[in-house]
Structure formats: structure tokens, C-alpha cells
Amino acid sequence: MNIPSQISTLIAGIFITLISLWYGQNHGLLPVAASSEAGDVDGLFNLMMTISTGLFLLIQGALILIVIKFRRQKNDQTDGPSTHGNIPLEMLWTAIPTVIVFVLAVYSFEVYNSMGGLDPMASHDHHRQEIAHNHQMSPSGQQGNESLIAMAPGQGTVALGIGAPPGQEGQGEPLEVNVAGMQYAWIFTYPQTGVMSGEMHVPVGQPVKLNIEANDVIHAFWLPEFRIKQDAIPGRISQLGFTATKVGDYPIICAELCGSYHGGMKTRLIVETPEEYQAWVQENQFASADTMEKAVAVNPTTMSEGEFLAPYASEMGIDSQTLQHLDHSHHHPGIIQ
């Protein structure tokens, strides 16, 4: 049966559309979504997967059809018809990508805004007028390791990064965590409770505000299951906000090439019930206070970061491999930088 080309084109269009819509929602390429922000990011990703699947099927299908239908017949040595272009078709395949890019740009803007990216107290780059405290130099000219113990945002400065999402500004004070990145570990300080740890704990359902800074080179704080990532910049405070929605144990990864042992710069984010989180705070408050007192009594100016942190590693959740990496970066700086 000879099906008219208009009908076959319509059937192919419906077929491609249904496959694209299905695969855009069932691709299985993303990890579990564990934050309130993840839904918006996943929606944008699913739309891009739907569009890209449709374009792939359309273009590859057309190529296969052309190869089969217009292939050279046996013993046919003649030239094909001379074609000088098709203006309407060229306008069409220029307009379609333009519309797609415009739609994705607007959608991305809305997702970024819904995550707090347009928070005026978080999104603008206002350089500090003075050197960050974690880069203060000791009298001997070496950087002091006391910056590894506590890190707080500069007073009167505007942070970089993503702030509180619209509508959440008045939902109570968020849990604040100061994040210090170094080769090759993350240190988390809780200024509201005085707890210091090598892994992060947060209660489920409570907004969290991270103040992120680097002690040496640029790092990137990445939570794949939360769909958020923020650069950690030496001398600057980067802000990042999120709300965990699922109890669990999630990886924290450095997503910026920061040296030879970059791949080992990993730790954990543990999302707990409010009761479990309070129990963890109670358990670690006194240990962190004792660690702080011990660290103040130590002269760190001639020590590597690994040597400085070694006595407190178990209390902070830092493993021995990370300490070895820190020592290696101190004794062989030429390899790391």
C-alpha cells in the first residue's frame, strides 16, 4: 500500500514525539534527588533530554531514510540533480534551534532564580577590601594553619554564590555551616554550636546556608544528589543554600582540578532526623571545644596541614589517606601547584 507522504510524515512525527517525551522522563541518568532544589534542576534536565532525543531521532532517521531511498542504483553513473539551496528550509532549521535556545535560556533563568541565584546579598561579586582571615600571614611569613579551625564570613561584605530561594527568607534562621576547602580535605565548622568536623551533618527539612572558602587553590563544593555546586575561592566567601529532603548518606566531591590528589578530595554529607542531628551536635560539641583548645596551644607555622590536623583527625572524621595527601602536598609543593 502506498501511503501518502503527508500521512507518513505525521505518523513519524507522532512516533518521535512520544518516544522523546517518554525518554525525557525515564532516562535514569540522574542520581536520587535529595533536596528541594533538585526538582527544578531535574525538570530543566528532563526538558533538555526530551528535546535532544527528538532531534537525534529526527536527524538520524532522516539520514537513514535518505541513504536508503536516494542511494545510487547499480550501474548508474550519472550525476545527481543540481540543487542551489532551499531558502524556506534553511530559515526553518535556523529558526527552530533559535527558539529552543531561547526557551532553555528563559527556563534556566527561572530555575536559577527559584534556587536563590538572584539574591542580591549572594549573587554579586563584591571584592573584599582586606585579605581574608584564612590567608593571614604569620610573623615568619608563612601562612598560619589556625585558619583550618574556624572560618567566618567577612563582616560587611557581600557573598558570592546562591542565597535563600524566594519565599524562604522569612522561614526562620537557617543552619549555618562554614566550609573550608584545602588540598585535599573539607573542614566544616558550625558557628552556632561550635562543632568542627571533617564530614557534614544536617537535619532533614531545615534550610542550610554554607559559607564556602578555600585555603590554598580553587576547589568546587559539589553535591550531586542535591544538584548544587559552588566554587571555593581563596580569599572570598561563596554562599550556597539548600534544604535536604531525604535522610541518607551522600558524597561531597571536589569538582575542580586542584592538584595531584584531587580525586581523593571526598567526604560525606549525612542527612539526619532533627533528633539524630541534635544528638550528633551534643556528642561533638565538647570534643570540638577540646580540639580548639589543643590547636590554639600548638605553633602551626612550621607544620604541614596534615601534621597540624593529625591529633584531631579522628574527632573531625578525616581519614589517614587524606592526612598523607596533605603531608605530601606540603613536602612536594611543586607537584601540586
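Scroll up to find the structure this text is about.
Residues numbered from 1 in each chain as written. Predicted model: local features only at pLDDT ≥ 70, side-chain atom pairs only at ≥ 80, totals over all residues. Heavy atoms only, no water.

Engineer: An account of the overall build of the chain is needed here, citing residue identities and associated values.
Structural biologist: The helix and strand inventory of the chain stands at 8 helices and 11 strands. Taking all 337 residues of the chain together, the buried fraction comes to 39%. Relative to all contacts within the chain whose residues are 6 or more apart in sequence, the contacts with residues 24 or more apart total 72%. Working note: accessible area of the chain is about 18,800 Å², and carbon and sulfur atoms make up 62% of it. (Helix = DSSP H or I, 4+ residues; strand = E, 2+ residues; numbered from the N terminus. Buried < 20%, exposed > 50% of the residue type's maximum accessible area, 1.4 Å probe, protein only. Contact = heavy atoms within 4.5 Å. Areas by Shrake-Rupley, 256 points an atom, 1.4 Å probe, with all protein chains shown as cover.)

Engineer: Account for the packing of helix α2 (residues 38-69) against helix α3 (residues 87-114), with residues named and values stated.
Structural biologist: In the contact formed by α2 and α3, the axes pass within 9 Å of each other and the chain directions differ by 165 degrees. In this view, α2 runs roughly antiparallel relative to α3, as classed from their interaxial angle. Two packed elements cross with a definite hand, and for α2 against α3 that hand is left-handed. Residues D40, V41, G43, L44, L47, M48, I51 and L55 of α2 touch α3, and the partners they reach there are I100, L104, Y107, S108, V111 and S114. Looking at the contact of α2 with α3, its residues break down into 10 nonpolar, 3 polar and 1 charged. (Axes fitted to C-alpha atoms, helices over the stretch in contact; angles between N-to-C directions. Parallel < 35°, antiparallel > 145°, perpendicular 65-115°, else oblique. Left-handed = near helix turned anticlockwise from the far one by under 90°. Nonpolar A, V, L, I, M, F, W, Y, C, P; charged D, E, K, R; others polar.)

Engineer: Outline the packing of aromatic side chains, listing residues and values.
Structural biologist: Following the criterion strictly, the structure yields 7 aromatic pairs and no others. Both rings, one in F188 and one in F221, keep their centres 6.4 Å apart while their planes meet at 75 degrees; by these two values the pair is edge-to-face. One end of the pair, F188, is in strand β3 (residues 185-190); the other, F221, is in strand β7 (residues 219-223), and 33 residues separate them in sequence. The same class applies to F188 and to F221, which are both buried. (Phe/Tyr/Trp six-rings, centres within 6.5 Å; stacked < 30°, edge-to-face > 60°.)

Engineer: Which residues make up the nonpolar core, and what are the values?
Structural biologist: In terms of nonpolar packing, the biggest core is built from 39 residues, with M200, L210, F221 and F226 touching the most fellow members. Sorting elements by how many residues they give to this core places strand β6 (residues 207-214) first, with 4 residues. In this structure, F226 is in contact with A34, S35, A38, F242, A244, Y250, L269 and V271, ignoring residues within four places of it in sequence. (Core = buried A, V, L, I, M, F, W, Y, C linked by side-chain atoms within 4.5 Å.)

Engineer: Can you explain a nonpolar patch on the surface? Please cite residues and give values.
Structural biologist: On the surface, L55, L58, I59 and L63 cluster together into a nonpolar patch covering about 350 Å² of accessible area. Structurally, L55 is set in helix α2. The partly exposed category is assigned to L55, whose relative accessible area is 34%. (Patch = residues over 30% accessible without salt bridge, like charges linked within 9 Å, V, L, I, M, F, W, Y side chains within 5 Å. Salt bridge = Lys/Arg side-chain N within 4 Å of Asp/Glu carboxyl O.)

Engineer: Any details on the sheet that holds strand β10 (residues 248-254)? Residues and values, ideally.
Structural biologist: Here 5 strands make up an open sheet; going across it, the order is β5-β11-β10-β7-β8 and the pairing mixed. One side of each edge strand has no neighbouring strand; the edge strands of this open sheet are β5 (200-203) and β8 (228-232). The sheet shows a mean angle of 25 degrees between the axes of neighbouring strands, taken without regard to direction. Bridge count for β7 against β10 is 2 bridges, and the pairing is antiparallel. For W222, the partnering residue across the bridge sits in β10 and is I253. (Pairing = 2+ DSSP bridges.)

Engineer: Tell me what's going on with the pattern of salt bridges, and back it up with residues and numbers.
Structural biologist: Enumeration over the complete set of coordinates arrives at 3 salt bridges. Among the salt bridges present, the one from R268 reaches E199, with a minimum N-O distance of 2.8 Å. With a gap of 69 residues between them, R268 in strand β11 (residues 266-272) and E199 in the loop between β4 (195-197) and β5 connect regions that are remote in the sequence. By relative accessible area, which is 35% here, R268 ends up partly exposed. Judged by its relative accessible area of 16%, E199 falls in the buried class. Close ionic contact of D249 with R268 constitutes a salt bridge, the shortest N to O distance being 2.5 Å. In this pair, D249 is assigned in strand β10 and R268 in strand β11, connecting sequence segments 19 residues apart.

Engineer: Explain the packing of helix α1 (residues 5-25) against α2 residue by residue, including any values.
Structural biologist: Put simply, α1 and α2 touch, their axes get as near as 8 Å, and they point 145 degrees apart. In the packing of α1 onto α2, the handedness of the crossing is right-handed. Residues I16, I19, S20, L21, Y23, G24 and Q25 of α1 touch α2, and the partners they reach there are N46, M49, T50, T53, G54, L57 and L58. For the contact of α1 with α2, the class distribution of residues is 7 nonpolar, 7 polar and no charged.

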